Structures are given as structure tokens and as C-alpha cells.
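Fold and contact review
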Amino acid sequence: MEWLFNFPFEIKPDLNAIDSAVRGFALWAAPVLDALSGGLIWLVNSIAWLLSHIPWFLLIAGVFFLGWKARKDLKSGLLYAALLFLIGVVGYWDAMITTLSIVLSGVLISLLIGLPVGVILSTSVRLNNLARPILDTMQTMPSFVYLIPALLFFGLGSQSGVIATVIYAVVPVIRLTSLGIRQVDREVVEAAASFGSTRWQSLFKVQIPQAMPTIMAGVNQTLMMAMAMVVTCSMIGARGLGVEVLNAVNRVEMGRGILSGASVVILAVILDRVTQGWFGKEGN
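Focus on the environment of Leu-51
- Checked against the element boundaries, Leu-51 lands in helix H2 (residues 30-52).
- For Leu-51, the residues in contact, after removing those within four places along its chain, are Ile-97, Leu-100, Ser-101 and Leu-104.

Spelled out as C-alpha cells, the structure:
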């Protein structure tokens, strides 16, 4: 009766051939990958340099101002500023700056890729249907899997963390940009066309502005998914708060894990609340 419960046969693909093909491609494309890697390192270092040269009290004051204006509540601004101050008090200010530079780099590249792709997908039902299974795969694939090609093509370091972050976080902005544009009332689009607007004029002057709340929701989700990759990317050499969390796990240091993990949470909460409030979402 074992045949009822055991699968009767297996056809295993040649995994060694797949690995050899990918490594061969990495060697063949090494000049391009090295140039891209250098560009990513420059981007991360530039953002880190800019953030590190802002006096700590000005950065905290900026968070207070953004929180106050975004949430329309003085208490929210004070709370976010106090939380950011707390990260510095426990000794993770420099690690927070490094983490923020990696996250912002990944989000910037994700938006540069995701927004145009979302706009293009919104113009064609066929393209949207073709892209849907790809986006589903990207969104449901375990995040650890993205570390493999990033490490293989770009080596250890922040540049690999940025690439893994982009692959993981770009999906929401593509989906919600396409969805928001496609959900614009057809009567509004037809009215624009009746006044002589071309297809592209209608897209950029009517549909995209109408879809902006949904698009900004995608930007917010991309930002949050980028933050979610912080700890994971520490496994391939991305520095910052993720390294502190990883070291705490490896050494079974409970106190270090709580402080570094709480710092990640604080940074994520500040970014989430400020961006949500800034884009007109309700709630605290």
C-alpha cells in the first residue's frame, strides 16, 4: 500500500547545469556587472555621506517637522523625534544611517523601474496579463532566494543588498501604479479625449493625477518591503542595523537583539507613518 502514499516517480532537473550556466553568465557579463556594482556602491555611499553630514539634531528636527506636518499633530512629531533620538542614545545612530542609505537607494531604483513599468502595463490588458504571473512569482518567492543571484553577480557588500531589495520591493509600486491608472473613471478619460487630448496627454494630465493616491500607496508599500529586507541582506554583507540583529542571533545575545531589532522597528514606523500621513492617508 506504500504506492498510495509515496509519489511514484521523480524527474530531477540537472541543478549542476543550472549553476554552471549562471556562473558562466556571471563571468561573461563581469565587465557590465562590475560597472553596475560600482555605480550602486557610489549611490549608497553618496546617500550615506549626505546623511552623515547632517547634524544629528537637525535630522531629528527634520523628522519632527515632517511628522508634525504629515500627521497634522504636534504630538506625533514629538513622538517620532523622540524615537529617533532613542536610536542614537542606545548607540545605533551610525548603523541607522547606513541602513537608511541602503533602503533609500533600493527604493529610489525601485521607483525608477516600477513607475514606468506600471504605467506601461496600465495601457495594455495583454501586457498586464503577461506580467501578472511574473509579479506573483516575485512577490511570493522567499526573500532568501534573492540573495543568491545578488551575491553571485555582485559579491558581498551593500551593492548586493540594494539589488536584492529592488527585486523584492519593486512589485507593489508596479502593481498599484497599473491598478490605479486602470481604475480611473472611463468617463473622465473620455471627457479628456473629447476636448482633444491625445492618449499620452490623457495619461499624464488626467489618469496619473487621478490615480496618485493609489500610486503613493504603492510607493509606501515599496518602502516598507525595502525595510523588511534589512536583516535578510545582512547575510550577504549589507551593513547597518541588520548586521547587529544577525550578530545577536549568531551569538544568542538577547539584549543586543532587542535593542537592534527595536531600532529597525522604530525606523520602519517613522518612515511608514510619515509617508502615509504625507500622502493623505488617515489614521496614526
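So, a nonpolar patch on the surface
- A contiguous nonpolar surface patch, about 750 Å² in accessible area, is contributed by Trp-56, Phe-57, Leu-58, Phe-85, Leu-86, Val-89, Val-90 and Leu-259.
- Of all the secondary structure elements, the ones that give two or more residues to the nonpolar patch are helix H3 (56-71) and helix H4 (74-89).
- Along the chain, the position of Leu-58 falls in helix H3.
- Its relative accessible area of 48% is what places Leu-58 among the partly exposed residues.

Things to note about the side chain of Ser-263
- Here Ser-263 is to be found in helix H13 (residues 254-278).
- Here the side chain of Ser-263 touches Leu-259 through a polar contact of 2.9 Å, landing on its backbone oxygen.

Thoughts on the layout of surface pockets
- Of the pockets and cavities examined, the second largest pocket occupies roughly 230 Å³.
- Surrounding the second largest pocket, Ser-122, Thr-123, Ile-181, Arg-182, Arg-186, Val-189, Arg-199, Trp-200, Ser-202, Leu-203 and Gln-207 form its lining.
- Contributing elements (two or more residues each) for the lining of the second largest pocket: helix H8 (158-182), helix H9 (186-194) and helix H10 (199-228).

Observations regarding the pattern of salt bridges
- In total, this model carries four salt bridges according to the counting rule given.
- Across the pair Arg-256 and Glu-244 runs a salt bridge whose closest N-O atoms are separated by 2.9 Å. Here Glu-244 lies in helix H12 (residues 241-251) and Arg-256 lies in helix H13, a separation of 12 residues in the sequence.
- Glu-244 gets classed as buried once you look at its relative accessible area, which sits at 19%.
- Residue Arg-273 pairs with Asp-272 through a salt bridge whose shortest N-O separation is 2.6 Å.

What counts, and at which threshold
Residues numbered from 1 in each chain as written. Predicted model: local features only at pLDDT ≥ 70, side-chain atom pairs only at ≥ 80, totals over all residues. Heavy atoms only, no water. Helix = DSSP H or I, 4+ residues; strand = E, 2+ residues; numbered from the N terminus. Contact = heavy atoms within 4.5 Å. Patch = residues over 30% accessible without salt bridge, like charges linked within 9 Å, V, L, I, M, F, W, Y side chains within 5 Å. Areas by Shrake-Rupley, 256 points an atom, 1.4 Å probe, with all protein chains shown as cover. Salt bridge = Lys/Arg side-chain N within 4 Å of Asp/Glu carboxyl O. Buried < 20%, exposed > 50% of the residue type's maximum accessible area, 1.4 Å probe, protein only. Polar contact = N/O pair within 3.5 Å; in protein donor to acceptor, adjacent residues only side chain to side chain. 1 Å grid on protein atoms, 1.4 Å probe; cavity = no way out; pocket = protein on both sides within 12 Å on 5 of 7 lines; lining within 4 Å. Points joined across faces, edges and corners; volume = space filled by probe spheres on them.

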